[in-house]
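Listed below, chain by chain, are the residues.
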Amino acid sequence: MNVFTILADCIRVPFGYALEWLYRVTGSYGAALIIFALVVKLILLPASMKSKKNMMKMSRLAPKLKALEIKYASDKNKYQMEVMKLQQQEGISATGGCLWTLLPLVVLIILYQVIRSPLVYMMHIPAEQAAAAVEAVVKSGAELGGNAYYHQMVIASRMEEFLPVIRAAVPELAGATLTPINFTFLGVNLGEIPTWRFWLLSGWPQIGLFLTPLVSAGFQWLSMVLSQKFNSSVSTNEKGEQVEDSTAAAKSMKTMNVIMPIMSLWIGYSMPASMSIYWIAQAVFGVGQEAFLTMYYRKDYDAEDELRRQMAAEEAEREAERARVRAEKRAKMGDVTDPNTSKRKLAAKEKAERGPVVEGKLTPEEREALKKKNDCLSGIAERPYCKGRAYKADRYGRDGSVRYEEEAPEEETALEEDALPVEDAGSGEEE
């Protein structure tokens, strides 16, 4: 016996004693498996609570993770670093939720060893003596089925029939009290392996075996979908409104929603039906556990979301008040232009109010005025060039000589005369 077997037996042997005790108390192998599943759920409850809390925190950060995913879409390394930094700030373990969810699978594997070896773990026959007993029954020509992995289950269910052969082959068991195990539950033999060939079914025992893996897969899918829905219920934005969790973790969970039911089907149609009964009980208890833990942990999140909604409502009221004030201001001003409005906005507003100029809709006078306006450089007929107040196009000749002087207005001449210095005026008189 190697070290691994010894360590494994440290868990398998207590499992065997627990399953045997539950079977003796209830008198039903199926009921014993269901109660055993409930006990396992209660034992793993602290680990499940830790996993649930971690997963809800991850869902809570879904909007922030989605923003990081968009921001660093072209830089995956930077995205991973920012995600790890955010998770450290929030106290989230990236693998904590996944590791704790693997514990039920570990228990299932150990329970499988206990179920397929009832002579060792439920009847407490040493492994060497159990192997010798199975070999003696096989040599006697008894039909135990083609799968040698489950010969112990067949022998345990028909122990009264094989007991003389076993005692003759294994003297150490001559005085042992070996009571048969009844694997029947709801008219179905849980010691048999269901077949997926539904066209070969006849009678409820075979039909029940066929349906057991299907029910197991269905409850497994339902449990995972509800778990994901419960976790996503705390995924809210800054306004306290629920948003869809579209992060990579949520997408991987959707993938698991397909993989786990398929795995459950494979287990159901390749192992004894007792494994499916245990898996169904685990899924049913899992749904109740998820609902309870979600309500337990959502108290703080609901209070935070309520505060967010109140703040968002107050901000909406303030924005509505600002809009009302602006509307009243515009109503009071009417056509009066706001002095703070820029010239560009005024020009755009005037253009919008005027609308597009369509020449075909103008009267002949308007068309002529528009043509005259477009013919001059400035658009002003009285000032065709607009290069100066006194500019005239024909003021200068080709040789640069001045053709004529611009006559200054009388007011400007008078002002210039008044501005002459006194001595200049006097000298003029002398001359």
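Residues numbered from 1 in each chain as written. Predicted model: local features only at pLDDT ≥ 70, side-chain atom pairs only at ≥ 80, totals over all residues. Heavy atoms only, no water.

Novice: Even after reading the chapter, I still don't get the overall build of the chain, so can you show me in this structure?
Specialist: If you tally the helices and strands in the chain, you get 18 helices and two strands. Put simply, the chain has 431 residues, and 33% of those count as buried. When the accessible surface of the chain is totalled, it reaches about 27,900 Å², and 59% of it is carbon and sulfur. (Helix = DSSP H or I, 4+ residues; strand = E, 2+ residues; numbered from the N terminus. Buried < 20%, exposed > 50% of the residue type's maximum accessible area, 1.4 Å probe, protein only. Areas by Shrake-Rupley, 256 points an atom, 1.4 Å probe, with all protein chains shown as cover.)

Novice: Before we go on, may I ask you to explain the packing of helix H1 (residues 3-26) against helix H2 (residues 29-43) in this structure?
Specialist: For any two helices packed against each other, the geometry comes down to the angle between their axes and how far apart the axes lie. Axis separation between H1 and H2 bottoms out at 8 Å; the angle between their running directions is 125°. As the angle between them shows, H1 and H2 are arranged oblique. Of the two possible hands of crossing, H1 and H2 adopt the one that is right-handed. Residues Phe 15, Ala 18, Leu 19, Leu 22, Tyr 23 and Thr 26 of H1 touch H2, and the partners they reach there are Tyr 29, Ala 31, Ala 32, Leu 33, Ile 35 and Phe 36. (Axes fitted to C-alpha atoms, helices over the stretch in contact; angles between N-to-C directions. Parallel < 35°, antiparallel > 145°, perpendicular 65-115°, else oblique. Left-handed = near helix turned anticlockwise from the far one by under 90°. Contact = heavy atoms within 4.5 Å.)

Novice: Help me out: how do you make sense of the packing of aromatic side chains in this one?
Specialist: When we look at a pair of aromatic rings, we describe it by the centre distance and by the angle of the planes. Tallied over the full model, the rule gives 12 aromatic pairs. Three or more aromatic residues joined by ring pairs make a cluster, and in this case those are Trp 196, Phe 198, Trp 199, Phe 210 and Tyr 269. (Phe/Tyr/Trp six-rings, centres within 6.5 Å; stacked < 30°, edge-to-face > 60°.)

Novice: Teacher, can you tell me more about the pattern of salt bridges here?
Specialist: Here the idea is simple: oppositely charged side chains can pair when their charged atoms come close. Tallied over the full model, the rule gives 12 salt bridges. When the shortest N-O distance is used, the salt bridge between Glu 20 and Arg 24 registers 3.9 Å. Residue Glu 20 and its partner Arg 24 are located together in helix H1, separated by four residues, close to a single helical turn. On the basis of relative accessibility, which here comes to 42%, the residue Arg 24 falls in the partly exposed class. Measuring nitrogen to oxygen at the nearest pair gives 3.8 Å for the salt bridge that ties Glu 82 to Lys 85. Of this pair, Glu 82 and Lys 85 both sit in helix H5 (residues 76-90), separated by three residues, roughly a single helical turn. Three or more residues joined by partner-sharing salt bridges are found here, namely Glu 315, Arg 318, Glu 319, Arg 322 and Arg 326. (Salt bridge = Lys/Arg side-chain N within 4 Å of Asp/Glu carboxyl O.)

Novice: Just to check I follow, could you spell out helix H9 (residues 127-139) for this structure?
Specialist: Count 3.6 residues to each turn of an α-helix, and residues three or four apart come out pointing the same way. In this model H9 runs 18 Å from its N-terminal to its C-terminal C-alpha over 13 residues, within 8% of the 18 Å that 1.5 Å per residue would give. All of the buried residues in H9 are Gln 129, Ala 130, Ala 133, Val 134, Ala 136 and Val 137. Each buried residue of H9 lies within a common arc of 160° when the element is viewed along its axis, so the set occupies one face. Of the exposed residues in H9, those oriented more than 90 degrees away from the buried face are Glu 128 and Lys 139. (Expected span 1.5 Å × (residues − 1). Arc of directions from axis to C-beta.)

Novice: Explain unusual backbone geometry to me, please; I cannot follow it from the model alone.
Specialist: Excluding glycine, most residues fall at negative phi; most peptide bonds, likewise, are trans. Of note in this structure, His 124 is not a glycine but carries a positive phi near 60°. Structurally, the position occupied by His 124 is in the loop between helix H8 (118-121) and H9. Overall, the relative accessible area of 30% leaves His 124 in the partly exposed class. With a phi close to 55°, Leu 186 is a non-glycine residue in the positive phi region. For Leu 186, the location among the structural elements is in the loop between strand E1 (184-185) and strand E2 (188-189). The exposure class of Leu 186 is exposed, given its relative accessible area of 65%.

Novice: Would you mind going over the side chain of Glu 290 with me for this structure?
Specialist: Tracing the sequence through the fold places Glu 290 in helix H14 (residues 273-333). Polar side-chain contacts of Glu 290 include one of 2.7 Å to the side chain of Lys 52. Ignoring any residue separated from it by four or fewer positions in sequence, one finds Glu 290 in contact with Lys 52, Ser 227, Phe 230 and Asn 231. (Polar contact = N/O pair within 3.5 Å; in protein donor to acceptor, adjacent residues only side chain to side chain.)

Novice: Before we go on, may I ask you to explain the nonpolar core in this structure?
Specialist: Proteins that are soluble and globular tend to have nonpolar side chains buried together. Counting residues in hydrophobic clusters, the biggest one holds 57 residues, and the most contacted among them are Tyr 29, Leu 119, Ile 155 and Tyr 278. Looking at which element gives the most residues to this core, the answer is helix H7 (residues 103-116), with eight residues. Every residue in contact with Ile 155, bar those within four places of it in the chain, is listed here: Leu 119, Val 134, Val 137, Leu 144, Phe 162 and Ile 166. Judged by nonpolar contacts, the second largest core, of nine residues, contains Leu 65, Leu 68, Tyr 79 and Val 83. (Core = buried A, V, L, I, M, F, W, Y, C linked by side-chain atoms within 4.5 Å.)

Novice: Explain helix H3 (residues 45-60) to me, please; I cannot follow it from the model alone.
Specialist: A rise of 1.5 Å per residue sets the reference length of H3, with its 16 residues, at 22 Å; its end C-alpha atoms lie 22 Å apart and thus fit the reference within 8%. Among the residues making up H3, those that are buried are Ala 47, Ser 48, Ser 51, Lys 52, Asn 54, Met 55, Met 56, Met 58, Ser 59 and Arg 60.

Novice: Looking at this structure, I do not really get the packing of H1 against H7. What am I missing?
Specialist: As a packed pair, H1 and H7 sit with axes 9 Å apart at the nearest point and diverge in direction by 65°. Judged by the angle between their axes, H1 and H7 are roughly perpendicular. In the packing of H1 onto H7, the handedness of the crossing is right-handed. On H7, the residues touching Ile 11, Arg 12, Phe 15, Gly 16 and Leu 19 of H1 are Val 107, Ile 110, Leu 111, Gln 113 and Val 114.

Novice: Before we go on, may I ask you to explain the confidence of the model for the chain in this structure?
Specialist: Where the model shows low pLDDT, its predicted coordinates should not be examined in detail. Per-residue pLDDT for the chain has a mean of 77; in total, 74% of the residues score no lower than 70. Averaged pLDDT values for the elements of the chain fall to 43 in helix H18 (residues 422-430) and rise to 92 in H2. In this model, residues 408-431 is a region of pLDDT below 50 whose contacts with residues beyond four sequence positions or in other chains number one contact. (pLDDT = per-residue confidence, 0-100.)

Novice: I keep staring at the side chain of Gln 289 and nothing clicks. Help me out?
Specialist: For Gln 289, the position within the fold is in helix H14. Excluding its chain neighbours within four sequence positions, the residues that come into contact with Gln 289 are Lys 41, Leu 45 and Ser 48.

Novice: How should I be thinking about the environment of Tyr 112 in this particular structure?
Specialist: Structurally, Tyr 112 is set in helix H7. A sequence separation of 163 residues divides Tyr 112 from Met 275, and the C-alpha atoms of the two residues are 7.0 Å apart.

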